[in-house]
Every structure is written in C-alpha cells, then in structure tokens.
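As a plain string of letters, each chain reads:
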Amino acid sequence: LDAVNVQIDSAGMDDLADATEDASKSANNLSQNLDEVEESASKAGQTASEAMDAFGKKVSGVGDALTKGVTAPLTALAGVSFKSWSDIDEGLDSVVTMTGATGDALESMQHIVKELPTEINVSFADAGRLVGELNTKFSVTDDELKELSKDFIKFTSLNNTDIVNSVDTVQQSMAAWRLDTEKTADVLDILNKTGQDTGMNVLELANSLQDNAEILQELNFSYADSAKFIGDLDESFDEDEDILAHQ
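Reading guide: rules and limits
Residues numbered from 1 in each chain as written. Predicted model: local features only at pLDDT ≥ 70, side-chain atom pairs only at ≥ 80, totals over all residues. Heavy atoms only, no water. Helix = DSSP H or I, 4+ residues; strand = E, 2+ residues; numbered from the N terminus. Buried < 20%, exposed > 50% of the residue type's maximum accessible area, 1.4 Å probe, protein only. Contact = heavy atoms within 4.5 Å. Polar contact = N/O pair within 3.5 Å; in protein donor to acceptor, adjacent residues only side chain to side chain. Expected span 1.5 Å × (residues − 1). Phe/Tyr/Trp six-rings, centres within 6.5 Å; stacked < 30°, edge-to-face > 60°. Salt bridge = Lys/Arg side-chain N within 4 Å of Asp/Glu carboxyl O.

A.B. asks: Would you mind going over the overall build of the protein in detail, with residue names and values included?
C.D. replies: Looking only at helices and strands, the protein has 12 helices and 0 strands in total. In the protein, buried positions account for 39% of the 247 residues. Pairs at least 24 residues apart make up 63% of the contacts formed inside the protein by residues separated by at least 6 positions.

A.B. asks: Would you mind going over the side chain of threonine 184 in detail, with residue names and values included?
C.D. replies: By secondary structure assignment, the location of threonine 184 is in helix α9 (residues 184-198). Taking the relative accessible area as the measure of exposure, threonine 184 reaches 0% and is therefore buried. Looking at threonine 184, its side chain comes within polar contact range of the main-chain oxygen of threonine 181, at 2.6 Å. What threonine 184 contacts, discounting residues up to four positions off in sequence, is Phe138, Leu148, Phe152 and Met174.

A.B. asks: I'd like a description of helix α7 (residues 142-159), backed by residues and values.
C.D. replies: Taking 1.5 Å of rise per residue, the 18 residues of α7 would be expected to cover 26 Å, and the 26 Å separating its terminal C-alpha atoms lies within 8% of that figure. Contacts made by the buried residues of α7 are with α5 (103-119), α6 (124-138), α8 (163-176), α9 and α10 (202-211).

A.B. asks: Give me the lowdown on the environment of glutamate 144, citing residues and values where you can.
C.D. replies: Relative to the helices and strands, glutamate 144 resides in helix α7. Judged by its relative accessible area of 40%, glutamate 144 falls in the partly exposed class. Each C-alpha atom, one on glutamate 144 and one on threonine 181, is 9.9 Å from the other, the two residues being 37 residues apart in sequence.

A.B. asks: An account of the packing of aromatic side chains is needed here, citing residue identities and associated values.
C.D. replies: Evaluated as defined, the whole model comprises 4 aromatic pairs. Relative to phenylalanine 152, the ring of phenylalanine 138 lies with its centre 6.2 Å away and its plane at 55°, an arrangement referred to as tilted. On the criterion of sequence distance, the pair formed by phenylalanine 138 in helix α6 and phenylalanine 152 in helix α7 is long-range, its members being 14 residues apart. Accessibility assignment for this pair places phenylalanine 138 and phenylalanine 152 in one class, buried. Measuring from centroid to centroid gives 6.3 Å for phenylalanine 152 and phenylalanine 155, while their planes differ by 75°, and the two rings are edge-to-face. Here the residue phenylalanine 152 and the residue phenylalanine 155 both occupy positions in helix α7, the gap between them amounting to 3 residues, near one helical turn. Given a relative accessible area of 1%, phenylalanine 155 falls into the buried group. Three or more aromatic residues link up through ring pairs in this structure, and these residues are Phe138, Phe152 and Phe155.

A.B. asks: So, the pattern of salt bridges: which residues are in play, and what are the values?
C.D. replies: Using the criterion set out here, one finds 9 salt bridges in the structure. The salt bridge involving glutamate 119 is made with lysine 150; its shortest N-O contact spans 2.8 Å. Note that glutamate 119 is positioned in helix α5 and lysine 150 in helix α7, a separation of 31 residues in sequence. Note on glutamate 119: relative accessible area 40%, which makes it partly exposed. With a closest N to O distance of 2.7 Å, lysine 137 and aspartate 168 form a salt bridge.

A.B. asks: So, α10: which residues are in play, and what are the values?
C.D. replies: For α10, the full list of buried residues reads Val202, Leu203, Leu205, Ala206, Ser208 and Leu209. Of the residues that open α10, the one with a side-chain oxygen 2.9 Å from the backbone nitrogen of leucine 203 is asparagine 201.

A.B. asks: Residue-level account of unusual backbone geometry, with values.
C.D. replies: One non-glycine residue with positive phi stands out, namely aspartate 142, at about 55°. Mapped onto the secondary structure, aspartate 142 falls in helix α7. When its relative accessible area of 44% is taken as the criterion, aspartate 142 is described as partly exposed.

Here it is, written out as structure tokens:
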C-alpha cells in the first residue's frame, strides 16, 4: 500500500483486513463457509444474497478511502461475490422447488449442492437442478445422491446435454427396461460407449431404447445389446444417406 501512496484511516484498514481475511477463509474451505454464512444470514433474517449485498456495501465504504488502484480490485471482488451468491441461492432454491423437501432431508440435499462445485466442474445453479431432479426421479438421498450426481455431471459434460433433460430421458429409458437405480452408472456407460462408437446422440439412443423396449426384450436382447444394435443401425443409415447424397 505504501508503494502506491495510499492513505487509509485506521477504521478503513480494519475493514479491509477483515474483508481480506474472510476471502481467504472462503478460498480455503468454501463448503464449510457457505454453511456458516448461510446460518449467520438466517439468524439475521437475511438471505445469502442479502448478506453479500451488505458485504458489498461495506467494501464500497472502504473503497471511498482508497485510490482507484485499490478500489477497483475490491469492487471486482464484490461483483464476483454477488454473482456467486446469486448462483448459490438459485441452486438451493431449486432443491426446495423441485422436491418439496423440508427439515433434515432438505438440509442434506442442500449440503450436497454446496459440496459438488468444490469437487467437480459444475455451477451451483446446475448442481441444485440436478440434485432436485435426481431425488425426484430416482428417489436417491445422501451419498448415493451425491455419487449419482457426479455420474450425471460427467455424462452431460461429455455429451453436451442438458442436466435435467438427461436425468428424465435416462430414467424413462431405464423404467421401460425395468432396471433398478443401482444400474444407472452402468446405463450411462453403455450410452456413452455406444454414442462414441457410432456417433449417435446419446439421448436419442436412450429414447429409442425406451420406445423399442418391449420388442427387443421379446428377442431376449439385453439393454447393452440393444444399445449396440440401435447404434449400429443408426450409423449404417447415416452412411447410406451419405452415399446417396454423393451419387
């Protein structure tokens, strides 16, 4: 600070130190701090976003005593905080809206929403939508819900598909084949492999497996055999279309 000749009164320096310390703690343990901030905000009758708004105003007050060279980074920090907490609120609200859960069940799912973005590449908003949809469609909770969430995040990332649409499509396909929830990871692997081998869209493949489940089961085809059969047909059809297009 001396290098840029910034003069700060003692109160301003204390506020800046507090803000820096808070940011450091958040970086070291995001999931834990989310719980703490939310609890503090709740006691004060605030939402998480309102708590961050108060923090942003505090940063602005400190900034008044600083040169632009120091105020700008603080303003940027506040902007990131607002966006982050808006995403967190959206994710937590999605769980409430989609599941109708309350009490311990809700707390457990919202905790998973807070943890997922610290462990895998997913936004808080998408984590909330995913957790809510998986709980609704697959009736999973706790560790099983968290692990299945990670499986679907990887699946949707690899195939560039919407999270909620992927959960719905896969669940309906599995229901048509009367497959238990425990088989979900295997089903995702089958869809992934067939899609990569044949180039077929994985959700179109899942829909086709659902639509043709009865006749394929009558032929004693397994889910994996059926996926390969449909994928190969789709690939052959595409090749035939290419041949006709060049004649």
